[in-house]
Amino acid sequence: MIQPFDDNYFMKKALQEAEAAFDKGEIPVGAIIVVEDRIIARGHNLTETLNDVTAHAEMQAITAAANFLGGKYLKKCTLYVTLEPCQMCAGALYWSQIGKIVYGARDEERGCINLNTKLHPKTKMIGGIMAEEAASLLKRFFVEKRNLN
């Protein structure tokens, strides 16, 4: 019997996106969007590459998923993201009506939870999936960045 994919499997895919951001000198946050156990969109931070403060991993993935589905609503989709979404991304996720958000590490300063950002009433959110791996990658990025400056 084939086992369905689980949250760890998809978070590993999001971590691969975060690694791609790291390799480009971007803050290493990665995201994927899944529907019915199928990855339909990927994204990682591109704020430096595109010189665009809105080019967060989630925003890249939302746009790609909407294009793939041919519509703006992501009701049956799950977002896997390595870092708790910020207020901007949470707002976009609200409007997309995403079904579920699964994040890795918490963002105590800028995360949507501490800022009491509302999500769509039907959106479910769980956190802490592979949080140590996600946090470790972020810490490594900032240590290396500080050592270069």
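Here the structure is a predicted model, which is why all the values come from computation and not from measurement.

1. Let's talk about the UniProt feature "domain: CMP/dCMP-type deaminase" (unreviewed entry) in the protein
Next up, step 1: Per the UniProt record, "domain: CMP/dCMP-type deaminase" (unreviewed entry) is annotated on residues 5-114.
Next up, step 2: For the annotated span residues 5-114, helix accounts for 40% and strand for 23% of the residues, and the straight-line distance between the end C-alpha atoms is 30 Å.

2. Section: the nonpolar core
Next up, step 1: Core analysis: the biggest nonpolar cluster contains 36 residues, and I33, L79, Y80 and I98 have the highest contact counts within it.
Next up, step 2: Secondary-structure elements contributing two or more residues to this core are α1 (7-23), β1 (30-35), β2 (38-44), α3 (57-69), β3 (78-83), α4 (87-96), β4 (100-105) and α5 (131-148).
Next up, step 3: When residues in this core are grouped by element, the largest group, five residues, is from β1.
Next up, step 4: When near neighbours in sequence (up to four residues on either side) are disregarded, I33 contacts R38, I39, I40, A41, A61, I62, A65, L74, C77, T78, L79 and I98.

3. Points about the side chain of H44
Next up, step 1: The topology assignment puts H44 in strand β2.
Next up, step 2: A distance of 2.8 Å separates the side chain of H44 from the side chain of E17, its partner in a polar contact.
Next up, step 3: Here the side chain of H44 touches K24 through a polar contact of 2.9 Å, side chain to side chain.
Next up, step 4: In this structure H44 touches E17, A20, A21, K24, V29, G30, A55, A57 and Q60, once residues within four positions along its chain are discounted.

4. Considering the sheet that holds strand β5 (residues 124-126)
Next up, step 1: One open sheet holds the five strands; their spatial order is β2-β1-β3-β4-β5, and the pairing between them is mixed. On the outer flanks of this sheet lie β2 and β5, each paired with one strand and no other. Shown here is a sheet whose adjacent strand axes are inclined to one another by a mean of 15°, direction ignored.
Next up, step 2: Two strands pair when backbone bridges link them, and β4 and β5 are joined in this way by three bridges, in the parallel orientation. Counterpart to V102 in the pairing with β5 is I126.
Next up, step 3: Contacts between α1 and the sheet are confined to β1, β2, β3, β4 and β5, with β1 contributing the most and set at about 145° to the helix.

5. Section: the UniProt feature "binding site: Zn(2+)" (unreviewed entry) in the protein
Next up, step 1: Within the UniProt annotation, "binding site: Zn(2+)" (unreviewed entry) is assigned to H56, C86 and C89. The greatest C-alpha distance among the annotated residues, which extend across 34 residues, is 9.3 Å, indicating that they converge on a single site. Looking only at the residues we just named, the largest pocket is lined by H56, C86 and C89.
Next up, step 2: Here C86 lies in the loop between β3 and α4.
Next up, step 3: Judged by relative accessible area, which is 16%, C86 ranks as buried.
Next up, step 4: Residues contacting C86, with those up to four places away along its chain left out, are H56, E58, R110 and C112.
Next up, step 5: Position of C89 relative to the elements: it lies in helix α4.

What counts and what doesn't
- Residues numbered from 1 in each chain as written.
- Predicted model: local features only at pLDDT ≥ 70, side-chain atom pairs only at ≥ 80, totals over all residues.
- Heavy atoms only, no water.
- UniProt positions renumbered as here; feature names shortened; annotations may be inferred.
- Helix = DSSP H or I, 4+ residues; strand = E, 2+ residues; numbered from the N terminus.
- Core = buried A, V, L, I, M, F, W, Y, C linked by side-chain atoms within 4.5 Å.
- Buried < 20%, exposed > 50% of the residue type's maximum accessible area, 1.4 Å probe, protein only.
- Contact = heavy atoms within 4.5 Å.
- Polar contact = N/O pair within 3.5 Å; in protein donor to acceptor, adjacent residues only side chain to side chain.
- Pairing = 2+ DSSP bridges.
- Axes fitted to C-alpha atoms, helices over the stretch in contact; angles between N-to-C directions.
- 1 Å grid on protein atoms, 1.4 Å probe; cavity = no way out; pocket = protein on both sides within 12 Å on 5 of 7 lines; lining within 4 Å.

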